[in-house]
Amino acid sequence: MPKTTKGVEAAYDKAAPLYNLMNHIYFFAKDKRFRSMLVERLNPKPGDTVLDICCGTGLNFPFLLQKVKIRGTLLGVDLSSEMLQQAKRKAESEGVNLVRSDAAHLAFRDRTFDATLVSFCLKVTPTYEKAIEEAARVLKPAGRIGVLGNHKPSGPLRFLGIILTKVLSAMAKIDYEVNLKEQLSRKFRIIEDKKMYGGLVQSLVGGKTSNHLPTVNRDD
Ligand SMILES: C[S@@+](CC[C@H](N)C(=O)[O-])C[C@H]1O[C@@H](n2cnc3c(N)ncnc32)[C@H](O)[C@@H]1O
């Protein structure tokens, strides 16, 4: 059966109470490193306005806040009210604004944000193409996007990858066939493409404006 936005919302509403624990177990707490590295590469400045698209329970917030909290604004959007409910405790005390919204229809004006980040969501949402277009629309001309996504490993972890792919596709609605780099490059110049965690995670950084810097391809 084709995946629908409603189905994804219902799945994450259900998963919300256990999401942080599952994330912790799957990544052995290493996700903190990916998140922090991606935020470093995005490099938001104090005072910037940053959007965390599909923010879930807010696991990126601590890293983003470290960068923008002096005069800056951090907004998180997500489709699932239960995921946002989990994010709320952290968000309220830190002054993060949360909005329930579909990433494919963002209620923000063009060129509002200095940076945006989408972690572990583009392979989840059936409307990923529209979500990328929306991210480009709301970013300022010099803005950057950071993306993290699950990735099928090659090499020695290939067999583990096949098992994980099957389990996560069913449980977390992840579509491993979506090629993040290809999709992102429709709207962004790819600045960095990096595989981490034995190739199970891909990290991409894109810039809205074009210049002549080549893409950096790196594997950890
Ligand atoms: C795997 S979780 C990732 C959450 C968070 N970004 C993280 O890194 O932990 C995927 C999230 O994407 C959200 N999501 C999926 N499709 C969405 C859409 N079209 N618009 C907004 N949020 C969406 C889900 O509700 C869920 O919170």
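In short, a report on the structure.

### Notes on a nonpolar patch on the surface
Now for step 1: A cluster of nonpolar side chains, contributed by Leu 18, Leu 21, Met 22, Ile 25, Ile 163, Val 167 and Met 171, occupies part of the molecular surface with about 690 Å² of accessible area.
Now for step 2: Elements represented by at least two residues in the nonpolar patch include exactly helix H1 (5-27) and helix H6 (158-171).
Now for step 3: The element best represented in the nonpolar patch is H1, accounting for four residues.
Now for step 4: Relative to the helices and strands, Leu 18 is located in helix H1.

### Some remarks on the site of the ligand
Now for step 1: Around the ligand lies a shell of 20 residues, among which Arg 35, Cys 54, Asp 78, Ala 103 and Ser 119 are the nearest.
Now for step 2: A distance of 2.7 Å separates an oxygen atom of the ligand from a polar atom in the side chain of Arg 35.
Now for step 3: Ser 119 has a polar side-chain atom sitting 2.6 Å from an oxygen atom of the ligand.
Now for step 4: Computed on the free molecule, the ligand has an accessible area of 590 Å², of which 98% lies beneath the protein chains in the complex.
Now for step 5: It is H1 that contributes the most residues to the shell around the ligand, three residues altogether.

### A word on the state of the cysteines
Now for step 1: This structure, assessed with the given rule, holds one disulfide.
Now for step 2: At a sulfur-sulfur separation of 2.4 Å, the disulfide partner of Cys 54 is Cys 121. On the sign convention where negative means left-handed, the S-S torsion of about -45 degrees between Cys 54 and Cys 121 marks this disulfide as left-handed. Placement of Cys 54 in the loop between strand S1 (49-53) and helix H3 (61-68) and of Cys 121 in the loop between strand S4 (113-119) and helix H5 (128-138) is noted, with a sequence separation of 67 residues between them. Pair check on accessibility: Cys 54 and Cys 121 agree, each one buried.
Now for step 3: Cys 55 carries a free sulfur, and the closest cysteine sulfur to it, the one in Cys 54, is 8.1 Å from it.

### Description of H5
Within an α-helix, residues lying three or four positions from one another point in the same direction, as the helix has 3.6 residues per turn.
Now for step 1: Of the residues making up H5, those classed as buried are Tyr 128, Ala 131, Ile 132, Glu 134, Ala 135, Ala 136 and Val 138.
Now for step 2: Looking at the packing, one finds that the buried side of H5 touches S1, S4, strand S5 (139-150) and helix H7 (180-184).

### A few points about the pairing of strand S6 (residues 189-196)
Now for step 1: Burial within S6 is extensive, with eight of its eight residues counted as buried.
Now for step 2: Sheet topology note: the S6/strand S7 (residues 201-207) ladder contains seven bridges and is antiparallel. Paired with Glu 192 across the two strands is Val 205, which belongs to S7.

### Overview of the packing of H1 against helix H4 (residues 81-94)
Working note: a packed helix pair is described by the angle between its axes plus the distance between those axes.
Now for step 1: Two elements in contact, H1 and H4, have axes whose closest approach is 6 Å; the angle formed by their N-to-C orientations is 35 degrees. Contacts between H1 and H4 involve Tyr 12, Asp 13, Ala 16, Pro 17, Tyr 19 and Asn 20 from the former and Ser 81, Glu 82, Met 83, Gln 86 and Lys 90 from the latter.
Now for step 2: Taken together, the residues of the contact of H1 with H4 break down into five nonpolar, three polar and three charged.

### Some words on the pattern of salt bridges
Now for step 1: This structure, assessed with the given rule, holds 13 salt bridges.
Now for step 2: Here Arg 35 and Asp 31 are joined by a salt bridge, their closest N and O atoms 2.8 Å apart. With Arg 35 and Asp 31 both in helix H2 (residues 31-42), this residue pair falls four residues apart, about one helical turn.
Now for step 3: A salt bridge links Arg 41 to Glu 192, with the shortest nitrogen-to-oxygen separation between them at 2.9 Å. Separated by 151 residues along the polypeptide, Arg 41 in helix H2 and Glu 192 in strand S6 bring together distant segments of the chain.
Now for step 4: Residue classification places Arg 41 among the partly exposed residues on the basis of a relative accessible area of 33%.
Now for step 5: For Glu 192, a relative accessible area of 1% gives the class buried.
Now for step 6: The network of salt bridges with common partners includes Asp 110, Lys 130, Glu 134 and Arg 137.

Rules used in this analysis
- Residues numbered from 1 in each chain as written.
- Predicted model: local features only at pLDDT ≥ 70, side-chain atom pairs only at ≥ 80, totals over all residues.
- Heavy atoms only, no water.
- Patch = residues over 30% accessible without salt bridge, like charges linked within 9 Å, V, L, I, M, F, W, Y side chains within 5 Å.
- Areas by Shrake-Rupley, 256 points an atom, 1.4 Å probe, with all protein chains shown as cover.
- Salt bridge = Lys/Arg side-chain N within 4 Å of Asp/Glu carboxyl O.
- Helix = DSSP H or I, 4+ residues; strand = E, 2+ residues; numbered from the N terminus.
- Near = heavy atom within 4 Å.
- Polar contact = N/O pair within 3.5 Å; in protein donor to acceptor, adjacent residues only side chain to side chain.
- Disulfide = S-S within 2.5 Å.
- Buried < 20%, exposed > 50% of the residue type's maximum accessible area, 1.4 Å probe, protein only.
- Contact = heavy atoms within 4.5 Å.
- Pairing = 2+ DSSP bridges.
- Axes fitted to C-alpha atoms, helices over the stretch in contact; angles between N-to-C directions.
- Nonpolar A, V, L, I, M, F, W, Y, C, P; charged D, E, K, R; others polar.

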